[in-house]
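If you want the building blocks of each chain, they are given just below.
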Amino acid sequence: MEKKLTVIKVGTSTLTYENGKINYRRIESLCKVIADLQNSGEQIILVSSGAIGVGMGKAGLSVRPTETKKKQALAAIGQCELMFMYDKLFGEYNHSVAQILLTRYAVETEQKRQNVINTLDELLDMNIIPVINENDTVAIDELEGNNFGDNDMLSAIVAGLVSADKLVILTDIDGLYDDNPRTNPNANKIDVVGRISPEIFEMAAGTGSNRGTGGMITKLHAADYATQRGVECHIVNGANPNVLYYVFDGMNVGTKFLARKEN
């Protein structure tokens, strides 16, 4: 049986509480589900945000700083803590992880892209779960707003590089709505999107959390990038990581964006 490859992206809003502190229960549940999916024969690459949020908790800060150098320092603190948690929690379920820190410059040439692909292929062959994050300590594009978008676009680029079957973006909203569900209780969730049109982007304007850097717009750009490269994309609420089982079982959760190859 050919293994299916899925990139799962988890955002800051899923990994932390409203106050910015680490949500241990959710991270533990996420690791358990991913380890279980890996046991079932799936191959998983995890793209994880949260380094600055975790660094804030570690440094005792309650307000996200605006200065780039402070955010770089917090990313350095938090990345260490984040990987320690992933290593410990996946280890409890007999899975090993490997850390890969990327900048967009790591994929700007064919040679660099191939280097990333080779590393990921080798790790997957070894049944290791790669954990990827943007290297915020040296690449300040994301911190200053010119970015992968809270790792949304990074996850789509990775999914395209490895020709993944699926990209699953876990966020703090149930999917794509025809209006902002936080302000309009009558907003309707869209279950399936065949093509991401300008009208679809208009629907997503203004939705997003206060803890990450990527709102629904960045997730749509990521979905657009991935689907054009033949990768099916799902945007789902990560409040309960068990939702991943429903995605893999083909159930109707979140919003599914159909893969399409552009000629």
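None of these values were measured; they are calculated from a predicted model.

**Student:** For this particular structure, what's the right way to read the environment of N188?
**Tutor:** Note that N188 resides in the loop between strand 6 (176-177) and strand 7 (189-190). As a C-alpha pair, N188 and L176 span 12 residues in sequence and 8.5 Å in three-dimensional space. If we skip the residues at most four places from it in the chain, N188 touches L176, Y177 and D178.

**Student:** What exactly am I supposed to notice about the packing of helix 6 (residues 152-161) against helix 8 (residues 216-228) here?
**Tutor:** Axes are the key here: two packed helices are described by the angle between their axes and the distance separating the axes. It is the contact of helix 6 with helix 8, at a shortest axis distance of 8 Å, that shows an interaxial angle of 10°. The pairing of helix 6 with helix 8 is recorded here as roughly parallel in orientation. Only T218, K219, H221, A222, Y225 and A226 of helix 8 make contact with helix 6, whose side of the interface consists of D152, M153, A156 and I157. A breakdown of the residues in the contact of helix 6 with helix 8 according to their chemical character gives 6 nonpolar, 2 polar and 2 charged.

**Student:** Mind showing me how you'd approach the pairing of strand 1 (residues 5-10) here?
**Tutor:** Every regular strand shows the same layout, with side chains that alternate between the two sheet faces. With respect to burial, strand 1 is a largely interior element, 6 of its 6 residues being buried. Here 5 bridges tie strand 1 to strand 5 (residues 166-171), and the two strands are oriented parallel to one another. Bridge assignment links T6 to a residue of strand 5, and that residue is K166.

**Student:** Honestly, the pairing of strand 4 (residues 129-134) in this entry has me stumped. Any pointers?
**Tutor:** Strand 4 sits mainly inside the fold: 6 of its 6 residues count as buried. Every second residue of strand 4 is oriented toward a common face, with I129, V131 and N133 on one face and P130, I132 and E134 on the other, all of them buried. As paired elements, strand 2 (residues 43-48) and strand 4 share 2 bridges and run parallel to each other. The residue of strand 4 that forms the bridge with L46 is V131. For the handedness criterion, the β-α-β arrangement of strand 3 (residues 97-102), helix 5 (residues 110-125) and strand 4 is classed as right-handed.

Reading guide: rules and limits
Residues numbered from 1 in each chain as written. Predicted model: local features only at pLDDT ≥ 70, side-chain atom pairs only at ≥ 80, totals over all residues. Heavy atoms only, no water. Helix = DSSP H or I, 4+ residues; strand = E, 2+ residues; numbered from the N terminus. Contact = heavy atoms within 4.5 Å. Axes fitted to C-alpha atoms, helices over the stretch in contact; angles between N-to-C directions. Parallel < 35°, antiparallel > 145°, perpendicular 65-115°, else oblique. Nonpolar A, V, L, I, M, F, W, Y, C, P; charged D, E, K, R; others polar. Buried < 20%, exposed > 50% of the residue type's maximum accessible area, 1.4 Å probe, protein only. Pairing = 2+ DSSP bridges. Right-handed = clockwise from strand over helix to strand, strands pointing away.

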